[in-house]
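Geometric and topological summary
Below, each chain spelled out in residue letters.
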Amino acid sequence: MLLMQSILVALWVTWGLIDEQTFQLQTTRPIITGPVVGLILGDLQTGLVIGAMVETMFLATVFVGTAVPPDTTMAAAIATAFAVFAGGETEVAIASALPIAVIGGLVTTLQYSLVNVAIMHIADKYAEKANVNGIVRMNYVALAFNAVFYGLPTFLAVYFGAEYVTPLIAMIPDNVITALGVGGGMLAAVGFAMLLTTVSNKKVWPYFVVGYVCSAFLSINMLGIGVIALALVFLHNYFISYRQEGDK
């Protein structure tokens, strides 16, 4: 029974990452992953609680350019499993969610910067030959690697439990975590620079400045900045429409 449940949880996490990279149906969010994993393990209530708690922990994390945030899907799935196995206790689950999410983010950095780059070079060779089927096949290969990078670790964590996973996390050398963290930080800088290159219209730069001031000096979180941005979009469209009507 546990073997089948662990496989199903691993498949869900794999699908969540594929969804994040393709359809973006938001099934990767903890608020959805938690209840699904809880349902698989026979404790929907615990899944709802853990999913909501992990969702609030990572509510403001976004994927910008090549900046890789912590992996919330694997964290929510494993944390929910730990909570269910602990009889609904949330302490172990929440304590493990953050390090698992950080490690998942480092794995994502490894996948995107090494494996996917190698697959992209192979796809480039197919593109030079106008081999569309080869290009499509490389996309499927890249998606299939999610089962290796995320599905397999999730299966092992759920199947063997927290008492085996926690020591393994502690065994990872600090210099390895630091090195991958530095690499992730460099990718974050590149991602932010790529994002700025998309703001080519100088007329919208004041909105960027407003967002920067809200974040850097007013300490408004990402949710608040998103609400402000939404209001500015409506105001911008309103004044543009009003001016166009006035010109007529």
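Residues numbered from 1 in each chain as written. Predicted model: local features only at pLDDT ≥ 70, side-chain atom pairs only at ≥ 80, totals over all residues. Heavy atoms only, no water.

1. Observations regarding helix α6 (residues 132-160)
Under the convention used in this document: Counting from the N terminus, the helices are DSSP H or I runs at least four residues long and the strands are E runs at least two residues long. By definition here, a helix of n residues has an expected span of 1.5 Å times n minus one. What the bend at a residue measures is the angle between two axes, fitted to the seven residues ending there and to the seven starting there. Exposed residues in this analysis have more than 50% of their type's maximum accessible area, buried residues have under 20%, and partly exposed residues fall in between, with area computed by a 1.4 Å probe over protein chains only. We define a polar contact as two N or O atoms separated by no more than 3.5 Å, with the added condition that, inside protein, one atom must be a possible hydrogen donor and the other a possible acceptor, whereas residues neighbouring each other in sequence contribute only through side-chain atom pairs.
Taking 1.5 Å as the rise per residue, α6 with 29 residues should run 42 Å; its terminal C-alpha atoms sit 42 Å apart, in good agreement. When the local axis directions of α6 are compared, the greatest deviation, roughly 35°, occurs at Gly 151, which is followed within four positions by the proline Pro 153. Where α6 is concerned, the buried positions are Gly 134, Met 138, Ala 142, Leu 143, Asn 146, Phe 149, Tyr 150, Gly 151, Thr 154, Phe 155, Ala 157 and Val 158. Where α6 begins, the side chain of Asn 131 points an oxygen toward the backbone nitrogen of Asn 133, at a separation of 3.3 Å.

2. Here's the deal with the packing of helix α1 (residues 2-21) against helix α2 (residues 30-40)
The following threshold applies: Axis definition: a line fitted to C-alpha atoms, over the contacting stretch in the case of helices. Angles run 0 to 180 degrees between N-to-C directions. Note on angle classes: values under 35 degrees are labelled roughly parallel, values over 145 roughly antiparallel, values of 65 to 115 roughly perpendicular, and the remainder oblique. Working rule for handedness: look at the near helix, and if it is turned counterclockwise from the far one by less than a right angle, call the crossing left-handed; if clockwise, right-handed. Here a residue-residue contact requires only that any non-hydrogen atoms of the pair lie within 4.5 Å.
Across the interface, α1 lies against α2 with an axial gap of 10 Å and an inter-helix angle of 160°. When the interaxial angle is binned, α1 and α2 end up roughly antiparallel. Two packed elements cross with a definite hand, and for α1 against α2 that hand is right-handed. Here α1 contributes Gln 5, Leu 8, Val 9 and Trp 12 to the contact with α2, which in turn contributes Ile 32, Thr 33, Val 36, Val 37 and Ile 40.

3. Focus: the nonpolar core
The cut-off we apply is this: Among buried residues, those of type Ala, Val, Leu, Ile, Met, Phe, Trp, Tyr and Cys that are joined through side-chain atoms within 4.5 Å constitute a nonpolar core.
In this structure, Val 54 and Tyr 150 are the most contacted members of the largest nonpolar core, which totals 26 residues. Contributing elements (two or more residues each) for this core: α1, α3 (44-57), α4 (72-85), α5 (91-128) and α6. Examining the composition of this core, we find that 10 residues originate from one element, α4, more than from any other. Residues in contact with Val 54, not counting those within four places in the same chain, are Pro 30, Ala 76, Ala 79, Ile 94 and Ala 97.

4. Regarding the environment of Thr 33
Mapped onto the elements of the fold, Thr 33 is located in helix α2. Along the primary structure Thr 33 and Met 74 are separated by 41 residues, whereas in three dimensions their C-alpha atoms are 8.8 Å apart. Polar contacts involving the side chain of Thr 33 include one to the main-chain carbonyl oxygen of Thr 27, which spans 3.3 Å.

5. Quick word on α1
Across its 20 residues, α1 extends 29 Å between first and last C-alpha, which sits within 8% of the 28 Å expected from 1.5 Å per residue. Of the residues making up α1, those classed as buried are Gln 5, Ser 6, Val 9, Ala 10, Trp 12, Val 13, Thr 14, Gly 16, Leu 17, Ile 18 and Asp 19. Packed against the buried residues of α1 are α2, α4 and α6.

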